[in-house]
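Coordinates in review
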Amino acid sequence: MAELGDLYQQVIIDHAKHPRNLRAIADPTRSAVGDNPLCGDRITVYLRLEGNLIADVSFEGSGCAISRASGSLMTSAVRGKSTAEAEDLFRAFHAMLTGTAGTAATPAPLGKLAAFAGVRQFPARVKCANLSWHALHAALTLSAESVSTE
Ligand code: ZN
């Protein structure tokens, strides 16, 4: 499968094999479950907030390599950020994956998260890459304790 070379870039392979922050937080300020029945990915994102700062963030669950790598990179990216900065990243990441222009005048810099840009070519995989971010968004906004991509 030649397409795998494009899809699984090195940073994604690394984070899929060695996920960072793959653990529960015993006493989270907030948590939310993300469910992607199409692929079978199901993850829980945990947040410990100090004021508006994300003091700790983690995830656990089961899923494919893309969803695991995304959870690893997402948690690494938003730790220590403010909730507003994390929401900016969520929007920028979502815009990158869906090919829509970001709504922010100055999109948040994605850094390593840009490794997922190639996933845009695989619509079924976009949901895998977005899953942890949707769970983070749900936890941040308290809009739901469970989100599904379907
Ligand atoms: Zn998946």
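In short, a report on the structure. (Residues numbered from 1 in each chain as written. Predicted model: local features only at pLDDT ≥ 70, side-chain atom pairs only at ≥ 80, totals over all residues. Heavy atoms only, no water.)

A positive phi is found at Asn21, a non-glycine position, where the angle reads about 60°. Along the chain, the position of Asn21 falls in the loop between α2 (10-17) and β1 (30-36). (Helix = DSSP H or I, 4+ residues; strand = E, 2+ residues; numbered from the N terminus.)

Looking now at the nonpolar core. Core analysis: the largest hydrophobic core is formed by 41 residues, its most contacted members being Val78, Phe93, Phe116, Trp133 and Leu136. At the level of elements, α2, β2 (41-50), β3 (53-62), α3 (65-78), α4 (83-98) and α5 (123-141) are the ones that each hand at least two residues to this core. By residue number, the principal contributor to this core is α5, which donates 10 residues. (Core = buried A, V, L, I, M, F, W, Y, C linked by side-chain atoms within 4.5 Å. Buried < 20%, exposed > 50% of the residue type's maximum accessible area, 1.4 Å probe, protein only.)

Turning to the packing of α2 against α3, a few remarks are in order. One way to put it is that α2 packs onto α3 with a least axis distance of 8 Å and a crossing angle of 90°. In terms of orientation, α2 and α3 fall into the roughly perpendicular class. The segment α2 lies against α3, with Val11, Ile12, His15 and Ala16 engaging Ala65, Ile66, Arg68, Ala69, Ser72, Leu73 and Ser76. Taken together, the residues of the contact of α2 with α3 break down into seven nonpolar, three polar and one charged. (Axes fitted to C-alpha atoms, helices over the stretch in contact; angles between N-to-C directions. Parallel < 35°, antiparallel > 145°, perpendicular 65-115°, else oblique. Contact = heavy atoms within 4.5 Å. Nonpolar A, V, L, I, M, F, W, Y, C, P; charged D, E, K, R; others polar.)

A few words on the environment of Ala69. Examined against the element boundaries, Ala69 turns out to sit in helix α3. Each C-alpha atom of the pair Ala69 and Cys128 lies 9.5 Å from the other, and the pair is 59 residues apart in sequence. In this structure, Ala69 is in contact with Ile12, His15, Ala16 and Phe116, ignoring residues within four places of it in sequence.

This part takes up the packing of aromatic side chains. Two aromatic rings are characterised by how far apart their centres lie and by the angle between their planes. Summed over the entire model, instances satisfying the criterion amount to two aromatic pairs. Aromatic side chains Phe93 and Phe116 sit 5.6 Å apart centroid to centroid with 75° between the ring planes, which places their arrangement in the edge-to-face category. With Phe93 in helix α4 and Phe116 in the loop between α4 and α5, the pair connects residues that are 23 residues apart, well separated along the chain. For the pair Phe93 and Phe116, a shared accessibility class is recorded, and that class is buried. Residue Phe93 is classed as buried on the basis of its relative accessible area of 0%. Through successive ring pairs, a cluster of aromatic residues spans Phe93, Phe116 and Trp133. (Phe/Tyr/Trp six-rings, centres within 6.5 Å; stacked < 30°, edge-to-face > 60°.)

Those protein atoms acting as donors to the zinc ion are Cys39 (SG), Asp41 (OD), Asp41 (OD), Cys64 (SG) and Cys128 (SG), and they sit at 2.1 to 2.7 Å. Mapping the donors of the zinc ion onto the primary sequence gives the spacing C-x1-D-x22-C-x63-C. Taking relative accessible area as the criterion, Asp41 reaches 0% and is therefore assigned buried. (Donors = N, O, S within 2.8 Å, 3.2 Å for Na, K, Ca; no water.)

Bringing the sheet that holds β2 into the picture now. Taken in spatial order, the four strands line up as β3-β2-β1-β4 in an open sheet, and their pairing is mixed. Strands at the two margins of the open sheet, each flanked by one partner only, are β3 and β4 (146-148). Mean inter-strand twist for the sheet, computed between neighbouring axes without regard to direction, equals 20°. By the bridge criterion, nine bridges tie β2 to β3 in an arrangement that is antiparallel. Within β3, the position partnered with Leu47 by the bridge is Val57. Against the sheet, α5 engages β1, β2, β3 and β4, with an angle of about 150° to β1. (Pairing = 2+ DSSP bridges.)

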